[in-house]
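# Analysis of the macromolecular model
Here is what each chain is made of, one letter per residue.
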Amino acid sequence: MARGIASVSAALFVFSVLLAGPAMAGELRDGASLISGMVGYTSHESQQSGDQIGGGSWSFDYARVGKGGKWSAGVVMRRMESDEFFQDENAGGQEVRVNAKRLVTAVQGTFFFLDGRFSPYVNGMAGVHMQTSDVYRDGEPDFRQSSQTFAAGFSGGTHFHVTSGIFLRAEYTFHYFASSDTISKNHMHGFYGGLGFQFGG
């Protein structure tokens, strides 16, 4: 009962903030720091089976808003993980599981089309992609493979400023990797959503 009341109270608070109007609304401020965390879902074509493979992801971003509130520059860290299962016909139909863990660390630049409560943007990033793949056959560990390569990303998304210091964020990212042991055509699609905070400025 107490948990239900707390959930309803939290929902009512968020709803009232969203309806509070421009008086509570924020916008991008010159020289402000933006810190945001997002969770998401990624999808790519498997290099082994050709199937479409999905997995969870999280992202942490820091950026500094430039003069005029139209652009920002900063760093981003993204973690992705996926599990793939397929039958290896060349090994007597053994069941193979590939668990891939990926970490992208990059610098990023963002251009905002609007400087207001609703701030759509495009983003570019470039950095390093680190991947570790654990391969299992019939449930038993087989081998581990690790690699590092160049990574880039191109995104489109938006900030919605709930207050002057809090914003919601949604984003689509096209991830590109110079090479990968598990990803066909070296690219991945990412869909993200989360919460951010604006300080200073």
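Attention in this report is confined to the structure presented alongside it. Every residue gets a number counted from 1 within its own chain, in the order that chain's sequence is written. In keeping with the model being predicted, local features are shown solely for residues with a pLDDT of at least 70 and side-chain atom pairs are shown and tallied solely at 80 or more, while totals for entire chains, interfaces and linings include all residues. Side-chain metrics rest on all non-hydrogen atoms present in the structure, leaving aside hydrogens and water.

### Regarding the packing of aromatic side chains
Each aromatic ring pair is specified by the distance between its two centres and by the angle formed by the two planes. A pair of aromatic rings is counted whenever rings of Phe, Tyr or Trp (Trp by its six-membered ring) have centres within 6.5 Å, and the orientation is called stacked for planes under 30 degrees apart, edge-to-face for over 60 and tilted otherwise. According to the stated counting rule, one finds 4 aromatic pairs in the structure shown. Pairing phenylalanine 111 with phenylalanine 113 gives two aromatic rings, centres 5.4 Å apart and planes at 90°, and the pair type is edge-to-face. Relative to tyrosine 121, the ring of phenylalanine 112 has its centre 5.8 Å away and its plane inclined at 65°; by these criteria the two rings are edge-to-face. Tyrosine 121 shares its class with phenylalanine 112; the two are buried. Sitting over the face of the ring of tyrosine 192, arginine 78 holds its NZ or CZ atom 4.2 Å from the ring centroid. Relative accessibility under 20% of the residue-type maximum defines a buried residue, over 50% an exposed one, and the middle range a partly exposed one, all with a 1.4 Å probe and only protein chains included. To sit over a ring, a charge needs its Lys NZ or Arg CZ within 6 Å of the ring centre and within 35 degrees of the ring normal.

### Section: unusual backbone geometry
One non-glycine residue, asparagine 186, lies in positive phi territory at about 60°. Its location among the elements puts asparagine 186 in the loop between strand S7 (166-177) and strand S8 (187-199). Here a strand is any run of E in DSSP of at least two residues, a helix any run of H or I of at least four, and the numbering for each starts at the N terminus.

### As for the nonpolar core
Residues belong to one nonpolar core when they are buried, are Ala, Val, Leu, Ile, Met, Phe, Trp, Tyr or Cys, and are joined through side-chain atoms within 4.5 Å. Judged by nonpolar contacts, Met38, Val76, Met80, Val104, Ala106, Met125, Ala151, Phe177, Ile183, Met188 and Tyr192 together constitute the single largest core of 11 residues. Those residues within four positions of valine 104 in sequence are excluded, and the remaining contacts are Val76, Met77, Arg78, Met80, Val128, His129, Ala151 and Phe177. A contact between two residues is defined here by any heavy atoms of the two lying within 4.5 Å.

### Looking at the environment of phenylalanine 167
Checked against the element boundaries, phenylalanine 167 lands in strand S7. In this structure, the C-alpha to C-alpha distance between phenylalanine 167 and glutamate 27, residues 140 residues apart in sequence, is 9.2 Å. Sequence-distant contacts of phenylalanine 167, that is, excluding residues within four places in its chain, are made with Leu34, Ile35, Ser36, His159, Phe160, His161, Val162, Gly194, Leu195, Gly196, Phe197 and Gln198.

### Re the pattern of salt bridges
The term salt bridge refers to a pairing of a side-chain nitrogen on Lys or Arg with a carboxyl oxygen on Asp or Glu at a separation within 4 Å. Applying the stated criterion to the full structure yields 10 salt bridges. A salt bridge links aspartate 134 to arginine 144, with the shortest nitrogen-to-oxygen separation between them at 2.6 Å. In this pair, aspartate 134 sits in strand S5 (residues 118-137) while arginine 144 sits in strand S6 (residues 140-161), placing the two residues 10 residues apart along the sequence. Take aspartate 134: its relative accessible area is 10%, and that puts it in the buried class.

### Structural notes on the environment of tryptophan 71
Note that tryptophan 71 resides in strand S3 (residues 71-88). The exposure class of tryptophan 71 is partly exposed, given its relative accessible area of 44%. Sequence separation between tryptophan 71 and phenylalanine 111 is 40 residues; the distance between their C-alpha atoms is 4.4 Å. Those residues in contact with tryptophan 71, other than ones at most four positions away along the chain, are Arg64, Val65, Gly66, Thr110, Phe111 and Phe112.

### Points about the sheet that holds S5
Taken in spatial order, the 8 strands of this closed barrel run S1-S2-S3-S4-S5-S6-S7-S8, and their pairing is antiparallel. When the angles between neighbouring strand axes are averaged without regard to direction, this sheet yields 20°. In this sheet, S3 lies alongside strand S2 (residues 52-65) in antiparallel orientation, the contact comprising 11 bridges. By the bridge assignment for S3, tyrosine 62 is matched with valine 75. For two strands to be treated as a pair, DSSP must find at least two bridges joining them. Helix axes are fitted only over the stretch in contact, all axes being lines through C-alpha atoms; the angle between N-to-C directions runs from 0 to 180 degrees.

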